[in-house]
Amino acid sequence: MPAIELKESSGCTKKFHVEIEAERIEGQINETVKTLKKDVQIPGFRKGKAPESMLLKRFGSTIRREAISDLIPGVLDELFKAEGVKPVNEPEIDDLEMDESGPVSFTVAIEEVPEVDASGMEGIVVTKENRKVTDEIVDNEIERIRRMYARQEDVDRPLAKDDIAVINLQKLDDSGVPIVGEKLENHVIALDGRGTPSPQFDQQVIGMSKGEEKRVSFTYDDSIEKEELVGTTEAYDVEMVRIVENVIPELDDEFVKQFGEFENTDAFVENTKERLQAQFDSMSNRKLRGDLIEEFVKQAPFEVPNSMVERVILSEMEQMRRANPNAPFDEEAYRTRMRPDAVRAVQTYVIVDAVKKAQNIEADKDEVTQRIEAAATANGMEAKEFRRRLIKEGSFDDFKSNIAQDKAYDWMISVAKVEEKDIMGFEDQPESNIVAPE
């Protein structure tokens, strides 16, 4: 057994000093020589027949290094078992002292998941916001759906609000002279209050007819995504090429048939309301879960392994790069912005895992079967087919883990003090421009 001494313990990191006894090293050297002997051919000897003493004389330092390298993984396993350590990162070995003979010593730093007392969840006070879908939100959602299914028709009349304008834009300098290379042809702009650079632009082009030319100037307001442009003024020569009207379908029985077996528009409206309420309920539950974790951490703060935080950040960065492979990416800025969320994600994992262990929570066979049947129905599949897909994609274990996670949250909610608050739509967000959730 190697000599082990805990040198430092800080947060989630432990650092040990380890010494491997000389006898064990010599034994491993002998094993390494026997293995090496089979593959080495030295002049004057047949392959595998060179004396071990000769191999040691010629390759001694290399053999010793290889033997020590082979020993270290097993020594670390013994250390982890003896000290009850469960590392979450690759051990960092430092200060390796390796003479030509005698014992070998080194330090090893590891991170492990902190121990959390799940009973601290009992009595936590949180508020569950029960958002209720209003008629206005339902109307907005149905209007959004109707607009999604609008058809476009060229029209021979002046441009009006909500039309689509196809225009040529020539940018002008401060003195009104066209800027070379700053011309856009057949540029498409929707006059819906969201797709134009400024309300001032809309006001000046509404009423223009096909073929008409006009000089417009406007100042960017704070609705523009590029903050550096807010407050700046630009001028353009505008030529109206085409005017396209969005023909929005009427909400009638024929229109709603394409979305399911609805008897009439009233059934469609009611279904829309139920769908939105389900989304609101899901949002409310996610927020409640997040608030439970936040309150727990406030009352019993704990550090999390940096290696786990890094894995979360790297995973998110990889997803962003896959989604937008050609987009410019400031890795340092992203890391800084992402780190608090990554820390919270790891804290959440640690707390939920502690609850599952403390309460012996796991997904049993019947629960998995029921959840698979429900998910299969929602996806229009047979349960067996859905299960096979989970297994084929390697996500079956995650599926089971999610069930156990839900049960852990159910336990947290049952022992916490949950105060409920009904909110109609977005009444607590008077400045919100949010419509129905997607």
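In what follows, the structure referred to is the one given above.
Residues numbered from 1 in each chain as written. Predicted model: local features only at pLDDT ≥ 70, side-chain atom pairs only at ≥ 80, totals over all residues. Heavy atoms only, no water.

K.L.:
Explain the overall build of the protein chain to me, please; I cannot follow it from the model alone.
P.N.:
Secondary structure assignment for the protein chain yields 11 helices and 11 strands. In terms of overall size, the protein chain is more extended than a compact globule, its C-alpha atoms giving a radius of gyration of 34 Å where 438 residues would be expected to give roughly 22 Å. Taken along its principal axes, the extent of the C-alpha atoms in the protein chain is 100 × 60 × 45 Å. Burial analysis of the protein chain (438 residues in total) assigns 34% to the buried set. Within the protein chain, contacts between residues separated by at least 24 positions form 66% of all contacts whose residues are at least 6 apart in sequence. As presented, the protein chain carries roughly 27300 Å² of accessible surface, and 46% of it is formed by carbon and sulfur atoms. A gap of 7 Å separates the mean positions of the 60 positive and 95 negative side-chain charges of the protein chain. (Helix = DSSP H or I, 4+ residues; strand = E, 2+ residues; numbered from the N terminus. Rg over C-alpha atoms; globule rule 2.2 N^0.38 Å. Buried < 20%, exposed > 50% of the residue type's maximum accessible area, 1.4 Å probe, protein only. Contact = heavy atoms within 4.5 Å. Areas by Shrake-Rupley, 256 points an atom, 1.4 Å probe, with all protein chains shown as cover. Lys, Arg positive; Asp, Glu negative; His and termini not counted. Charge placed at Lys NZ, Arg CZ, Asp CG, Glu CD.)

K.L.:
Would you take a moment to explain a negative patch on the surface for this structure?
P.N.:
Residues E92, D94, D95, E97, D99 and E100 make up a contiguous surface patch of negative charge. Counting through the fold element by element, D99 comes out in the loop between β3 (92-98) and β4 (104-111). On the basis of relative accessibility, which here comes to 54%, the residue D99 falls in the exposed class. (Patch = residues over 30% accessible without salt bridge, like charges linked within 9 Å, V, L, I, M, F, W, Y side chains within 5 Å. Salt bridge = Lys/Arg side-chain N within 4 Å of Asp/Glu carboxyl O.)

K.L.:
Help me understand the pattern of salt bridges in this model?
P.N.:
Pairing between side chains of opposite charge can happen when their charged atoms approach one another. All told, the structure shown has 30 salt bridges when counted by the stated rule. One salt bridge in this structure joins E331 and R335, with 3.4 Å as the shortest N-O distance. Residue E331 and its partner R335 are located together in helix α8 (residues 331-358), separated by 4 residues, close to a single helical turn. By relative accessible area, which is 30% here, E331 ends up partly exposed.

K.L.:
Is there a simple way to explain the sheet that holds strand β1 (residues 3-10) in this structure?
P.N.:
In sheet architecture, strand pairing relies on hydrogen bonds along the backbone and comes in two forms, parallel and antiparallel. Across the sheet, which stays open at both edges, the 4 strands sit in the order β1-β2-β4-β3 with antiparallel pairing between neighbours. Only two strands of the sheet have a single partner each, and these edge strands are β1 and β3. Strand-to-strand twist of the sheet, defined as the mean angle between neighbouring strand axes without regard to direction, takes the value 15 degrees. Here β3 pairs with β4 via 5 bridges, running antiparallel. Note that in β4 the partner of I93 across the bridge is V108. (Pairing = 2+ DSSP bridges. Axes fitted to C-alpha atoms, helices over the stretch in contact; angles between N-to-C directions.)

K.L.:
Please explain helix α9 (residues 365-378) as it appears in this structure.
P.N.:
In an α-helix there are 3.6 residues to a turn, and that puts residues three or four apart on one side. Taking 1.5 Å per residue as the helical rise, α9 with its 14 residues ought to reach 20 Å, and the 20 Å between its terminal C-alpha atoms agrees with that figure. V368, I372, A375 and A376 are the residues of α9 that are buried. Buried residues along α9 cover an arc of 100 degrees about the axis, so they all sit on one side. Among the exposed residues of α9, those pointing more than 90 degrees away from its buried face are D366, Q370, T377 and A378. The elements touched by buried residues of α9 are α10 (383-392) and α11 (396-415). The opening residue of α9 is D364, an N-cap whose side-chain oxygen sits 3.2 Å from the backbone nitrogen of D366. Count one or two residues on from α9 and you reach G380, which has phi positive near 65 degrees. (Expected span 1.5 Å × (residues − 1). Arc of directions from axis to C-beta. Polar contact = N/O pair within 3.5 Å; in protein donor to acceptor, adjacent residues only side chain to side chain.)

K.L.:
Please clarify how the nonpolar core should be interpreted in this entry.
P.N.:
Where a protein is soluble and globular, its nonpolar side chains tend to be buried together. Judged by nonpolar contacts, the single largest core of 33 residues is most densely connected at M121, L292, F296, F302, I351, V355 and M412. For this core, the secondary-structure elements that each account for two or more residues are α6 (265-299), α7 (306-323), α8 and α11. Take this core: its biggest share by element is 9 residues, from α8. Once residues lying within four places of it in the same chain are set aside, the contact partners of L292 are M121, I124, V126, M412, I413 and A416. Residues I25, L71, V85 and V104 belong to the second largest nonpolar core, which totals 20 residues. (Core = buried A, V, L, I, M, F, W, Y, C linked by side-chain atoms within 4.5 Å.)

K.L.:
Looking at this structure, I do not really get the packing of aromatic side chains. What am I missing?
P.N.:
Pairs of aromatic rings are described using the distance from one ring centre to the other and the angle between the two planes. What the rule picks out here adds up to 10 aromatic pairs. A ring pair is formed by Y149 and F255, whose centres lie 6.1 Å apart and whose planes are at 85 degrees; its orientation type is edge-to-face. Of this pair, Y149 sits in the loop between α3 (135-148) and β6 (151-154) while F255 sits in helix α5 (residues 253-256), placing them 106 residues apart in sequence. Look at F255 and you get buried, because its relative accessible area is 6%. (Phe/Tyr/Trp six-rings, centres within 6.5 Å; stacked < 30°, edge-to-face > 60°.)

K.L.:
Any chance you could explain the environment of N306 here in plain terms?
P.N.:
Its place among the elements puts N306 in helix α7. Along the chain, N306 and A342 lie 36 residues apart, while their C-alpha atoms are 9.9 Å from each other. With residues near it in sequence (within four places) discarded, N306 still touches E111 and R339. Polar side-chain contacts of N306 include one of 2.8 Å to the side chain of R339.

K.L.:
Whenever I open this one, the packing of α7 against α8 confuses me. Can you help?
P.N.:
Describing two packed helices takes the angle between their axes plus the distance from one axis to the other. Remark: α7 packs on α8, axes separated minimally by 8 Å, with the N-to-C direction vectors making an angle of 125 degrees. In terms of orientation, α7 lies oblique with respect to α8. Here α7 runs over α8; the crossing is right-handed. Counted together, N306, M308, V309, E310, V312, I313, L314, E316, M317, M320 and R321 of α7 and E331, Y334, R335, M338, R339, A342, V343, A345, V346 and Y349 of α8 form the full contact between these two elements. Per-class residue counts for the contact of α7 with α8 are 14 nonpolar, 1 polar and 6 charged. (Parallel < 35°, antiparallel > 145°, perpendicular 65-115°, else oblique. Left-handed = near helix turned anticlockwise from the far one by under 90°. Nonpolar A, V, L, I, M, F, W, Y, C, P; charged D, E, K, R; others polar.)

K.L.:
For this particular structure, what's the right way to read the environment of T13?
P.N.:
Among the secondary structure elements, T13 is positioned in strand β2 (residues 13-20). Ignoring sequence-local partners within four residues, the contact set of T13 consists of E8, I110 and E111.

K.L.:
Teacher, can you tell me more about the packing of α3 against α6 here?
P.N.:
The N-to-C vectors of α3 and α6 enclose an angle of 110 degrees; their axes lie 10 Å apart at closest approach. With respect to their mutual orientation, α3 and α6 come out roughly perpendicular. Residues I137, V138, E141, I142 and I145 of α3 pack against F268, V269, T272, K273, R275, L276 and F280 of α6. Looking at the contact of α3 with α6 residue by residue, the classes come out as 8 nonpolar, 1 polar and 3 charged.

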